[in-house]
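Structural overview
Residues per chain, in single letters:
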Amino acid sequence: MTTEATGVPGATDAFPLTWLYVPGDRPEVVAKALVAGADVVVVDLEDAVAPDRKEYARAATADLLSERSPLPVTVHVRVNAPDSPESAADLRTLATLPALSNLSGIRLPKVTAPAQVVRTADRAPHIPLYALLESALAVEHAYAIATAHPALRGISLGEADLRADLGVRDDTGLDWPRSRVVLAARAANLAPPPQSVHPDVRDLTGLAASCAHGRELGFLGRAAIHPRQLPVIETAYLPTPEDIESAESVVKAAATHPGAQALPDGRFIDAAVVAAAHRTLALARRR
């Protein structure tokens, strides 16, 4: 099994910014996605696959992940909802892949309770898990889910289902659950979560504005459903020249005078600010 980046500052691939979803029953689309420039390709066995195509999607995905040659990009699989017969079949297939398969993670949709993460980890041991929170109950349990099992490496929102569950029309109605999930992830010492998908693949201006808002809320990167969305997301989340200059000044000051201090421009810095500056510079090395 390939190993995904751990988030250690300094690694150029430590912070995935783009997660491209593709239907698992379309091998030709998956093949194109693998070279589209995403940091992570998520082969979807759930929402993107019709019920009568589930078995075929599962077999095609197993064939892809069992290839002897390493794939050109990190690959995750989104399985079906926990405790469903389809999910059980998905996990049996993934758990029996060769030890050196191309699978780097399982994305578990519609998680509402920590026990679902634990059961998934038991069924597919040694595979990193990522929980998708798609309901009010899931958001309410966000921290408990985020700390449910050592195999869990990240949490994020599934906003289409959450929007329907909450009955919100305006996008601002999701800002509280968004912040709740960002806080839960960081409190659990997980990487900042990526944003949910922007569903209109033609609206690149709206996507850019939404990414800018997500960055302000503490998200890092975003899921996509079309390759044309990838450069917009990456540009939105990469640090600006001003961000880089500011981070460099923080790191330089910390190296010269360890400990909390005030910079000549009046900014106060401490260990948390220095760590954030290192992350900014690690992201800058992606350019």
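The structure reproduced in this document is the subject of the present report. (Residues numbered from 1 in each chain as written. Predicted model: local features only at pLDDT ≥ 70, side-chain atom pairs only at ≥ 80, totals over all residues. Heavy atoms only, no water.)

1. Some thoughts on the environment of Ile 155
Looking at where Ile 155 falls in the secondary structure, it is placed in strand β6 (residues 152-157). A relative accessible area of 2% places Ile 155 in the buried class. Sequence separation between Ile 155 and Leu 190 is 35 residues, and the spatial gap between their C-alpha atoms is 8.0 Å. With sequence-adjacent residues up to four places away left out, Ile 155 is seen in contact with Ala 131, Leu 133, Ala 142, Ile 145, Ala 146, Val 181, Ala 184, Ala 185, Leu 190, Pro 193 and Pro 194. (Helix = DSSP H or I, 4+ residues; strand = E, 2+ residues; numbered from the N terminus. Buried < 20%, exposed > 50% of the residue type's maximum accessible area, 1.4 Å probe, protein only. Contact = heavy atoms within 4.5 Å.)

2. Details of the nonpolar core
Judged by nonpolar contacts, the single largest core of 66 residues is most densely connected at Ile 106, Leu 133 and Ile 155. In terms of residue count, the dominant contributor to this core is helix α10 (residues 230-237) (five residues). Excluding its chain neighbours within four sequence positions, the residues that come into contact with Ile 106 are Val 77, Val 79, Leu 91, Leu 94, Ala 124, Ile 127, Pro 128, Leu 129 and Tyr 130. The next biggest cluster of nonpolar side chains, apart from the first, holds eleven residues, and it includes Ala 254, Leu 263, Ala 277 and Leu 281. (Core = buried A, V, L, I, M, F, W, Y, C linked by side-chain atoms within 4.5 Å.)

3. With respect to the sheet that holds strand β7 (residues 222-224)
On the basis of which strands lie adjacent, the open sheet formed by seven strands has the order β6-β5-β4-β3-β2-β1-β7 and parallel pairing. The sheet is open, and its two borders are formed by β6 and β7, each paired with just one other strand. Sheet twist, expressed as the mean angle between neighbouring strand axes with direction ignored, is 25°. (Pairing = 2+ DSSP bridges. Axes fitted to C-alpha atoms, helices over the stretch in contact; angles between N-to-C directions.)

4. Description of the layout of surface pockets
Roughly 470 Å³ of volume is contained in the second largest pocket. The wall of the second largest pocket is formed by 25 residues, among which Gly 158, Glu 159, Ala 160, Ser 196 and Val 197 lie closest to the centre. Counting only elements with at least two residues in the lining of the second largest pocket, the list comes to β6, α7 (159-166) and β7. A per-class count over the lining of the second largest pocket returns nine nonpolar, six polar and ten charged. (1 Å grid on protein atoms, 1.4 Å probe; cavity = no way out; pocket = protein on both sides within 12 Å on 5 of 7 lines; lining within 4 Å. Points joined across faces, edges and corners; volume = space filled by probe spheres on them. Nonpolar A, V, L, I, M, F, W, Y, C, P; charged D, E, K, R; others polar.)

5. Let's talk about helix α2 (residues 54-65)
Between its first and last C-alpha atoms α2 spans 16 Å; for twelve residues at 1.5 Å apiece the expected length is 16 Å, and the two agree. Within α2, burial applies to Lys 54, Ala 57, Arg 58, Ala 60, Thr 61, Ala 62, Leu 64 and Leu 65. Against the buried residues of α2 lie α1 (27-33), β2 (40-44), β3 (74-78), α3 (85-95) and β4 (103-108). (Expected span 1.5 Å × (residues − 1).)

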